[in-house]
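# Structural overview for review
Residue-level listing of the chains:
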Amino acid sequence: MATYKEEVGTAVTNYAGNSPSVVDGEVWYDSSAYDFKYQYENVTAAGSWSTGGNLNTARRFIGGAGTTTDAIATGGYTGSPSALTESYNGTAWTEVNDLGTARYGGGSFGTSTAALLGGGGYPYKANTETWNGTNWTEVNDLNTAHSTCGGSGTTTAGLIAGGGPAPAAALTELWNGTNWTEVNDLGTGRYNVASSKGTSTAALLFGGRTPPGGATSAIRAFTETWNGTNWTETTDLNLARYGIGGAGADNTAALGFGGYATPPNGLVTNTEVWNGSSWTEQGDLSTAREYAAGTGTSTSALGAGGDTSGPSTAPTAATEVWTGAGQPVGVWATGGNLNTARYGAGAAGVDNTAALTFGGKVPSVSALTEKYDGTSWTEVGDLNTARGYLGGQGTQTAALAFGGEIPGMQTLTELWNGTNWTAVNAMNTARGTLGSGSGTAPTSLAVGGWKGPGVAVEVESWNGTSWTEKNDMNTARNGPFLSGDNTAAICSGGSVEPGVQTKAELFNGTNWTEVNDINTARYNGGAAGTSTAAIIYAGSNQGGTLDAETELYNGVV
């Protein structure tokens, strides 16, 4: 009788480990793991908005500068012109030093440490101020007062164009770091416009209203590009509107969002992306608004404040963060390092902006606890019992620390209330080097570990009072990283014979399935987050070297 190999052939390749030249959709047999493997497709995300931290003061007509993780929002209207300035760190806004002159609707551009605001109202102003990261300084005025105008460039080479009143609606002025110079006008004068932010020699101006003003003004979709000398009309926005938020690197890549369109549309959530020749509609804002502060690029932008009940009646403090289409899904990126390098730590957290780590070895057993805000780590209250190789679950304000080694494997469990640790009911099976992660009190998950001797495949669930055994993993592993809870989790890395792994498995509440690997093989580190927004950090590599590296996971493909 003919064999399967003789009839079918060997279409599935055999490797001792992962395929050395893996491609999307490839299936191979891993002879070292005695298992078939599949490479998921490297898909990319659609452009979308997510929620950021609220401004401290709701307002509209705000100037913006910087990036999604390092920005300022300045001026605006709260019922009267505002001088407020707030700084954003990617998570929260902090009030910093005020403008010298309160105003709204000025042209803005630059960075969080070198920004410019020119013009504004009301009454119309020509005042110009520059920001050095700490203070605003009055510098030379615009030649003509503008308000609700567009700005682009840097504090040494900038541009402001358009805006009210009607005689100024087509004017363009260039800034050389000292003085303003009037240059060639817009093709169509208008106010309540938006602009790209990046450069004074390759700018984009879009949307707005044409004079004479008020209810008689026409809402426009016009788009014009600036080449350093002249404006050229190009492809219109898909939806005409004014009070639109704007961001972008230059006249080849920009973002327009929100605004007020001709009724019955009114306030809109529409987001459009400019590719240098045309606008494409993509993911909408969560909240319809006009006159928001806009800054960043077409792939990573910030929209803060504005009006949520047009025209101009209900200011908001809400902030949204744009991640452009084409960003990879299911990949890891570098985050901030721990203060103390260690291995065998427990961990918890909501997602990759709010994590907690505790215990571990440095190299002796430690009770240290640190929390992560999306950017950096801060030391907080210690565990009651110092130990390494422990598991962790929960959030920054309600977490569990369980198991571990002192030496000797432990069943100890401690509960964190945001300030202190308290001893609670112990685990069923003593073990260390468990998977650490981020379940809440009633949905915590303890995965794998070392039972001494033997690698554990067991999984236990915490219900707020006690531990109960759940379905085992497919592959026993020692010291893995776990993010998620008992309904959805991702488990990665760990020590599995013959050595330290990069393997990751996804849990759907019942079964475990292999997904994309982590970048660096390691074990005995910390993890937090969910199965689609995970963070792993620290650990030890194959040679035993301590690792302070952080990796972030943004989804599952």
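Throughout what follows, the structure given in this document is the object of discussion. Given the structure is predicted, the values throughout are model-derived calculations rather than measurements.

So, how was this worked out
- Residues numbered from 1 in each chain as written.
- Predicted model: local features only at pLDDT ≥ 70, side-chain atom pairs only at ≥ 80, totals over all residues.
- Heavy atoms only, no water.
- Helix = DSSP H or I, 4+ residues; strand = E, 2+ residues; numbered from the N terminus.
- Contact = heavy atoms within 4.5 Å.
- Buried < 20%, exposed > 50% of the residue type's maximum accessible area, 1.4 Å probe, protein only.
- Lys, Arg positive; Asp, Glu negative; His and termini not counted.
- Salt bridge = Lys/Arg side-chain N within 4 Å of Asp/Glu carboxyl O.
- Polar contact = N/O pair within 3.5 Å; in protein donor to acceptor, adjacent residues only side chain to side chain.
- Pairing = 2+ DSSP bridges.
- Axes fitted to C-alpha atoms, helices over the stretch in contact; angles between N-to-C directions.
- Core = buried A, V, L, I, M, F, W, Y, C linked by side-chain atoms within 4.5 Å.

## Re the side chain of threonine 101
Looking at where threonine 101 falls in the secondary structure, it is placed in the loop between strand E8 (93-96) and strand E9 (107-110). Not counting residues up to four positions away in its chain, the partners in contact with threonine 101 are Lys125, Asn127, Glu129 and Glu138.

## Details of the side chain of glutamate 173
Along the chain, the position of glutamate 173 falls in strand E15 (residues 172-175). Although glutamate 173 lies buried, it forms no salt bridge, and the closest oppositely charged side chain, arginine 103, sits 12 Å away as judged by the N-O distance. Of the polar contacts made by the side chain of glutamate 173, one reaches the backbone nitrogen of threonine 144; its length is 3.1 Å. When neighbours within four sequence positions are excluded, glutamate 173 is seen to be in contact with Leu142, Asn143, Thr144, His146, Gly158, Leu159, Ile160, Trp180, Thr181 and Glu182.

## Describing the sheet that holds E15
What the 4 strands build is an open sheet, ordered E13-E14-E15-E16; its pairing is antiparallel. Of all the strands in the sheet, just strand E13 (150-153) and strand E16 (180-183) have a single pairing partner and so form its edges. Averaged over neighbouring strand pairs, the angle between their axes works out to 25 degrees when direction is ignored. Looking at chain direction, E13 and strand E14 (residues 158-161) are connected through 4 bridges and run antiparallel. Each residue of the ladder has a partner; that of glycine 151, found in E14, is isoleucine 160.

## A few points about the environment of alanine 221
Considering the arrangement of structural elements, one finds alanine 221 in the loop between strand E20 (218-219) and strand E21 (223-226). Under the relative-accessibility criterion, alanine 221 is labelled buried at 12%. As a C-alpha pair, alanine 221 and phenylalanine 206 span 15 residues in sequence and 6.8 Å in three-dimensional space. Contact partners of alanine 221, with chain neighbours within four places excluded, come to Asp236, Leu237, Leu239 and Ala240.

## Here we look at the nonpolar core
With 11 residues, the main nonpolar core is built from Leu55, Ile62, Ala71, Ala73, Tyr88, Trp93, Ala293, Leu302, Ala304, Ala317 and Val321. Counting only elements with at least two residues in this core, the list comes to strand E6 (71-74) and strand E30 (300-304). In this structure leucine 302 touches Thr67, Thr68, Ala71, Tyr88, Trp93, Phe257, Ala293, Gly294, Thr295, Thr319, Glu320 and Val321, once residues within four positions along its chain are discounted.

## Quick word on the pattern of salt bridges
Considering all chains together, one arrives at 12 salt bridges under this definition. Linking arginine 431 and glutamate 460 is a salt bridge whose minimum nitrogen-to-oxygen distance equals 3.1 Å. Of this pair, arginine 431 sits in the loop between strand E40 (421-424) and strand E41 (444-447) while glutamate 460 sits in strand E42 (residues 459-462); the two residues are 29 residues apart in sequence, bridging distant segments of the chain. Summarising the burial analysis for this pair, arginine 431 and glutamate 460 share the class buried.

## Some thoughts on the environment of alanine 348
Within the fold, alanine 348 resides in strand E33 (residues 346-351). Alanine 348 sits in the buried class, given a relative accessible area of 0%. Residues alanine 348 and glycine 392, 44 residues apart in the sequence, show an inter-C-alpha distance of 5.7 Å.

## Brief notes about the sheet that holds strand E39 (residues 413-416)
Strand order across the open sheet formed by 4 strands is E37-E38-E39-E40, with antiparallel pairing between neighbours. In this open sheet, the two edge strands, each paired with only one partner strand, are strand E37 (391-394) and E40. Across this sheet, the average inter-strand angle for adjacent strands is 25 degrees, counted without regard to direction. Pairing geometry for strand E38 (residues 399-402) and E39, over 4 bridges, is antiparallel. In the strand pairing of E39, phenylalanine 402 is matched with threonine 413.

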